[in-house]
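# Per-entry structural report
Now for the letters of each chain:
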Amino acid sequence: MTEQNKFKYLWPTLFGSFYNSDHSKIKKELIKYFEKYKKNNPIGNKSGENYKLYESKYDLHLQKNETLDNLFKNFMSKSFFATAKEANKDYLNLFGKPEIGVTFVDSWFVHYEKGGFVTPHAHGQCSWCCVYYVQIGEDGSITNGGTYFQKPTPSRGTLDFGSYYNKFLSANFNPEEGRMYIWPSHLMHGSYPYDGKEDRIIISANVQVFIMENGKPIKSI
Ligand SMILES: [Fe+2]
């Protein structure tokens, strides 16, 4: 018997888009905490890809703040878990019904000033990354401080219909308060310059997602 014709996508790029319906309840508390953090750490982090913005240290998940803890442990962890599960759905049966744990490697907040932006870069030591919009200001249009991703595949060699799916060089995502986007760590990304009266504030995080065995993460699969 001959095999039926089939299609299969190889090396797809998965994005997750999640909305925190409790955001309006925690927004003020988060901003208040970040203001306090900035007063205690006025220098912040100086990454080469950043311009006109304040970036915190990368250990936000280790700070003792109840609102942040809840956001990381509940909304963010669940969103990362769902994304990792979807990306690996073809492989889940290799592991039975595994217990899965999300570990935050880095997390930080960014406070963009007028004209602030981030040039293209990728994150290391993690499998998934995110941006969570805390405050976007009046203008949430895509190119006003929005997040963009660069195409990870090589350029098209022709301009035919057959390669049309490979045409677009970047993808833009709408900033929205309470929205979190998740992407695989290898993707190059950045943010358009932000222009607004109210500063733009976001949280970012890098995670690894482990299968747990007897309460311990299996670190190498
Ligand atoms: Fe980034």
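A short tour of the structure in this document, coming up. All residue numbers refer to position in the chain's written sequence, counted from 1. Side-chain atom pairs in this predicted model are given and counted only at pLDDT of 80 or more, local residue features only at pLDDT of at least 70, and totals for whole chains, interfaces and linings cover all residues. Working from all heavy atoms in the structure, the side-chain values ignore hydrogens and water.

### A word on the side chain of His189
- Think of it this way: any DSSP run of H or I at least four residues long counts as a helix, any run of E at least two long counts as a strand, and we number them from the N terminus. Residue placement: His189 occurs in strand E8 (residues 189-191).
- Aside from chain neighbours lying at most four places away, what touches His189 is Thr119, Pro120, His121, Ala122, His123, Tyr148, Phe149 and Trp183. Between two residues, a contact is recorded if the distance between any of their heavy atoms is within 4.5 Å.

### Quick word on the coordination of the iron ion
- Only nitrogen, oxygen and sulfur atoms within 2.8 Å of the metal, or 3.2 Å for Na, K and Ca, are treated as donors, and water is left out, so sites may look incomplete. Bound to the iron ion are the protein donor atoms His121 (NE2), His123 (NE2) and His189 (NE2), situated 2.1 Å from the metal.
- Taken in chain order, the donor set of the iron ion reads H-x1-H-x65-H. For the pair formed by His121 and His123, the shared burial category is buried. Burial status follows relative accessibility: with a 1.4 Å probe on protein chains alone, a residue under 20% of its type maximum counts as buried, one over 50% as exposed, and anything between as partly exposed.

### Remarks on the side chain of Arg200
- Locating Arg200 in the fold gives a position in strand E9 (residues 200-213).
- Neither His nor the chain termini are counted; the positive set is Lys and Arg, and the negative set is Asp and Glu. The salt bridge definition used is simple: a Lys or Arg side-chain nitrogen within 4 Å of an Asp or Glu carboxyl oxygen. In this structure, Arg200 is buried with no salt-bridge partner, the nearest side chain bearing the opposite charge being Asp139 at 6.3 Å.
- Any pair of N or O atoms that falls within 3.5 Å is considered a polar contact. Within protein, one atom must be able to donate a hydrogen and the other to accept it, and sequence-neighbouring residues count only if both atoms are side-chain atoms. At 2.9 Å, the side chain of Arg200 and the backbone oxygen of Ile136 are in polar contact.
- At 3.1 Å, the side chain of Arg200 forms a polar contact with the backbone oxygen of Asn144.

### Observations concerning the state of the cysteines
- Pairs of cysteine sulfur atoms within 2.5 Å are what we label disulfides. One pass over the structure, following the stated rule, counts 0 disulfides.
- Free cysteine Cys126: the closest other cysteine sulfur is in Cys129, separated by 3.8 Å.

### Points about the environment of Asn172
- Inspection of the secondary structure puts Asn172 in strand E6 (residues 170-173).
- Residue classification places Asn172 among the partly exposed positions, given a relative accessible area of 33%.
- Sequence separation between Asn172 and His189 is 17 residues, and the spatial gap between their C-alpha atoms is 9.7 Å.
- If sequence neighbours within four positions are ignored, Asn172 has contacts with Ile142, Thr147, Tyr148 and Tyr192.
- A polar contact of 2.9 Å, which involves the side chain of Asn172, links it to the side chain of Tyr192.

### Concerning the packing of aromatic side chains
- Think of it this way: a Phe, Tyr or Trp ring, Trp meaning its six-membered ring, pairs with another when their centres are within 6.5 Å, and the plane angle makes it stacked under 30 degrees, edge-to-face over 60, tilted otherwise. Summed over all chains, the structure comprises 18 aromatic pairs.
- With centroids separated by 5.3 Å and ring planes inclined at 85°, the aromatic side chains of Phe149 and Phe173 adopt a geometry described as edge-to-face. Taken together, the residues Phe149 in strand E5 (residues 147-150) and Phe173 in strand E6 connect sequence positions 24 residues apart.
- Arranged with centres 4.9 Å apart and planes meeting at 65°, the rings of Phe149 and Trp183 form a pair that is edge-to-face. Residue Phe149 is located in strand E5, and its partner Trp183 is located in strand E7 (residues 179-184); the two are separated by 34 residues in the primary sequence. Of the two residues examined, Phe149 and Trp183, each falls in the buried class.
- Put simply, the rings of Phe15, Tyr133, Phe149, Phe173, Tyr181 and Trp183 pair up and form one aromatic cluster.

### A look at a nonpolar patch on the surface
- On the surface, a nonpolar cluster with roughly 480 Å² of combined accessible area is contributed by Tyr91, Leu94, Phe95 and Ile221.
- Relative to the helices and strands, Leu94 resides in the loop between helix H2 (66-87) and strand E3 (99-121). Residues enter a patch when their relative accessible area is above 30% and they make no salt bridge; the linking distance is 9 Å between like charges and 5 Å between nonpolar side chains (Val, Leu, Ile, Met, Phe, Trp, Tyr). To measure how exposed things are, a 1.4 Å probe is used in the Shrake-Rupley method; for residues, cover is taken only from the protein chains shown.

### Remarks on the pattern of salt bridges
- Across all of its chains, the model carries 5 salt bridges by this definition.
- Measuring nitrogen to oxygen at the nearest pair gives 3.0 Å for the salt bridge that ties Glu177 to Lys27. Highlighted residues: Glu177 in the loop between E6 and E7 and Lys27 in helix H1 (residues 23-40), separated in sequence by 150 residues.
- Taking relative accessible area as the criterion, Glu177 reaches 23% and is therefore assigned partly exposed.

### Focus on the environment of Gln208
- Looking at the element boundaries, Gln208 is found in strand E9.
- Aside from chain neighbours lying at most four places away, what touches Gln208 is Gly101, Val102, Thr103, Val105, Gln125, Cys126 and Ser127.
- A polar contact of 3.2 Å, which involves the side chain of Gln208, links it to the backbone oxygen of Gln125.

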